Amino acid sequence: MSLIRQLSRIIDREAYNGLTFYVNGVPIITVEFHTDKEVTMLMNDMKKLRLFDGRFPDDIDTFRKKIETALVYNGIDELLKELKVMNIKFYAERYIDGEIMPNKIVINRGDADVDENGQEFVLFKRYEITGAIELTGHTLADIITAFAVPHYL
Amino acid sequence: MDIVDELIRVVNAKRYYSITFYLNTVPIITINFGKDKKITVLVNNMKEIRSHEVEFNGDVDTFVSDMYNILVYSGIDELIQTTKDPKVTFYSEPYLHGTISKDGITVELDEVDFGDRREPNMVHKKYEINADVQLSGLIIPKIASAFAYLRFT
């Protein structure tokens, strides 16, 4: 099963409006999913901050390629190689966080619920995906695509 | 003469299309001077990366105020003030480096001069602007306004 499909099963139909990736505690990518299928991707290649505006083209593969190209073109792919990154974290409001490691992704997903006294609580579930996972722009493009799908398809 | 006027006198060139500010070597703000006096401000508050737009109508004070509001709203002002031993630097292509300290601003730039036989020589210039500078989000809009003024007037 592809990484996008495995992630889609975890994310379910929940639409997260924004998603941020971190390397060593520093945000390197923030993706914002807007209405009208517009996507804004803000990137930090540790030299400057960059902006990419795109549209979801109704086709998952085309979108994934567009995102990967933007990550390569804006120096994010090179940054990950240069820093020999072994761990990338990501976070989306509310509430999902994950950690990408070589050949593994760990995801904690919180579902808000209400108890019998009417008090809101968050129930966290932990998921693990194992497979041939590299810490490159390719994997980040897969994850961004998986988060875009519930918004636009 | 205030710090903006001093900077305009020192930089004195229309060629800077963007400027990036760093906090302890991490890019926290990139300002892109676009066409029609439109300015994109990308900010990294160490939690996420955000994008804002501002216009330069020729009035430095209004621009400084608009920019400062963005930096306060997006958490940059607080980030600078809560960072231990903050070192704020800035860079603009081609070849302009600056350092902000409590005693003032140092600007270093490389310029090409032509000799008697029209041979190009790279000249490194260093300027020190002495002033009582408070290291907060307010000094950044002041510096940015000098670049905006040079670019658009």
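A brief look at the structure comes next. None of these values were measured; they are calculated from a predicted model.

### Describing the overall build of chain B
Regarding its fold elements, chain B presents 4 helices and 8 strands. Ordered by position from N to C terminus, the α and β elements of chain B give α-β-β-β-β-α-α-β-β-β-β-α. Taken against the 2.2 N^0.38 rule, which gives 15 Å for 153 residues, the C-alpha radius of gyration of chain B at 16 Å falls within 12% of a compact globule. With respect to the three principal axes, the spread of C-alpha positions in chain B is 55 × 35 × 30 Å. With 153 residues in all, chain B has 31% of them scored as buried.

### Let's talk about the interface of chain B and chain A
Each side of the interface is counted separately: chain B has 13 residues, and chain A has 12 residues. When contributions to the side of chain B that touches chain A are tallied by element, the ones reaching two or more residues are β2 (26–33), β3 (38–44) and β4 (49–55) of chain B. Of the residues contributing to the side of chain B that touches chain A, the split by class is 5 nonpolar, 5 polar and 3 charged.

### Structural notes on the sheet that holds strand β8 (residues 120–130) of chain B
Two pairing modes exist for strands in a sheet, parallel and antiparallel, and in both the strands are linked by backbone hydrogen bonds. All names here are of chain B. One open sheet accounts for 8 strands, arranged β4-β3-β2-β1-β5-β6-β7-β8; its pairing is antiparallel. Two strands in the sheet have a free side with no partner beyond their single neighbour: β4 and β8. Adjacent strand axes in the sheet meet at a mean angle of 20 degrees, parallel and antiparallel pairs treated alike. Examined bridge by bridge, strand β1 (residues 18–23) and strand β5 (residues 88–92) share 4 bridges and lie antiparallel to one another. Paired with Tyr 22 across the bridge in β5 is Thr 89. Contacts between helix α2 (residues 60–73) and the sheet are confined to β3 and β4, with β4 contributing the most and set at about 165 degrees to the helix. Strands in contact with helix α4 (residues 139–152) are β1, β2, β3, β5 and β6 (96–101); relative to β2, the strand with the most contacts, it is inclined by about 30 degrees.

### Side note on unusual backbone geometry
Leaving glycine out, the prevailing phi sign among residues is negative, and the prevailing peptide bond configuration is trans. Omega for the bond connecting Arg 94 of chain A with Tyr 95 of chain A falls within 30 degrees of zero, at -5 degrees, which places this linkage in the cis form. Note on placement: Tyr 95 of chain A falls in the loop between β5 (88–92) and β6 (96–101). In the segment running from Glu 93 of chain B into Pro 94 of chain B, the intervening peptide bond is cis, with an omega of -5 degrees. Within the secondary structure, Pro 94 of chain B is located in the loop between β5 and β6. Even without glycine at this site, Asn 24 of chain B takes up a positive phi of about 50 degrees.

### Description of α2 of chain B
All names here are of chain B. The end-to-end C-alpha distance of α2 is 20 Å, a good match for the 20 Å that 14 residues give at a rise of 1.5 Å each. The elements touched by buried residues of α2 are β3, β4, α3 (76–82) and α4. At the exit of α2 stands Gly 75, carrying a positive phi of roughly 85 degrees.

### Description of the packing of α2 of chain B against α4 of chain B
Residues and elements named next belong to chain B. Relative orientation of the contacting elements α2 and α4 amounts to 135 degrees, with a least axis distance of 9 Å. One finds that α2 runs oblique with respect to α4. Considering only the axes of α2 and α4, their crossing is right-handed. Contact with α2, carried on its side by Val 60, Phe 63, Val 64, Met 67, Tyr 68 and Leu 71, involves Ile 140, Pro 141, Lys 142, Ala 144, Ser 145, Ala 148 and Tyr 149 of α4 and no other residues of that element. Of the residues that constitute the contact of α2 with α4, the class distribution is 11 nonpolar, 1 polar and 1 charged.

### Describing the environment of Asp 61 of chain B
Structurally, Asp 61 of chain B is set in helix α2. When the C-alpha atoms of Asp 61 of chain B and Pro 141 of chain B are compared, they prove to be 9.6 Å apart, with 80 residues separating the residues in sequence.

### Quick notes on the pairing of β2 of chain B
All names here are of chain B. In terms of residue burial, β2 counts as a mostly covered element, since 6 of its 8 residues are buried. Between β1 and the antiparallel strand that follows it, β2, lie 2 residues; Asn 24 among them carries a positive phi value of about 50 degrees. Across 5 bridges, the pairing between β2 and β3 is antiparallel. Within β3, the residue paired with Asn 32 across the bridge is Thr 40. Linking β2 back to β3 in an antiparallel pair, the connection comprises 4 residues, with Asp 36 at a positive phi of about 55 degrees.

Criteria and cut-off values
- Once a new chain begins, its residue numbering starts again from 1 and follows that chain's sequence as written.
- All chains are assigned letters beginning at A, and all ligands numbers beginning at 1, according to the order in which they are written.
- Reporting in this predicted model follows two pLDDT cut-offs: at least 70 for local features of residues, and 80 or more for side-chain atom pairs to be given and counted; totals over whole chains, interfaces and linings ignore these cut-offs and use all residues.
- A helix here means a DSSP run of H or I that spans at least four residues, while a strand means a run of E at least two residues long, and both kinds are numbered starting from the N terminus.
- Restricting the calculation to C-alpha atoms gives the radius of gyration, and the globule rule supplies 2.2 Å times the number of residues raised to the power 0.38.
- Partly exposed residues are those whose C-beta has more than 12 but fewer than 20 other C-beta atoms within 10 Å; with 20 or more the residue is buried, with 12 or fewer it is exposed, and the C-beta atoms are placed from the backbone.
- Note on contacts: each residue gets a C-beta atom placed from the backbone, and two residues are in contact if those atoms are within 7 Å.
- The nonpolar class holds Ala, Val, Leu, Ile, Met, Phe, Trp, Tyr, Cys and Pro. Asp, Glu, Lys and Arg form the charged class, and all remaining residues, Gly among them, are polar.
- Here a strand pair is declared whenever DSSP counts at least two bridges between the two strands.
- As a rule, the C-alpha atoms of each element are fitted with a line to give its axis, helices using only the stretch in contact, and angles between N-to-C directions run from 0 to 180 degrees.
- Here a helix's expected span is defined as the number of its residues, less one, multiplied by 1.5 Å.
- Comment on the angle field: the value is read as roughly parallel under 35 degrees, roughly antiparallel over 145, roughly perpendicular from 65 to 115, and oblique elsewhere.
- Two helices that cross are described as forming a left-handed crossing if the nearer one is turned anticlockwise from the farther one by less than a right angle, and a right-handed crossing if clockwise.

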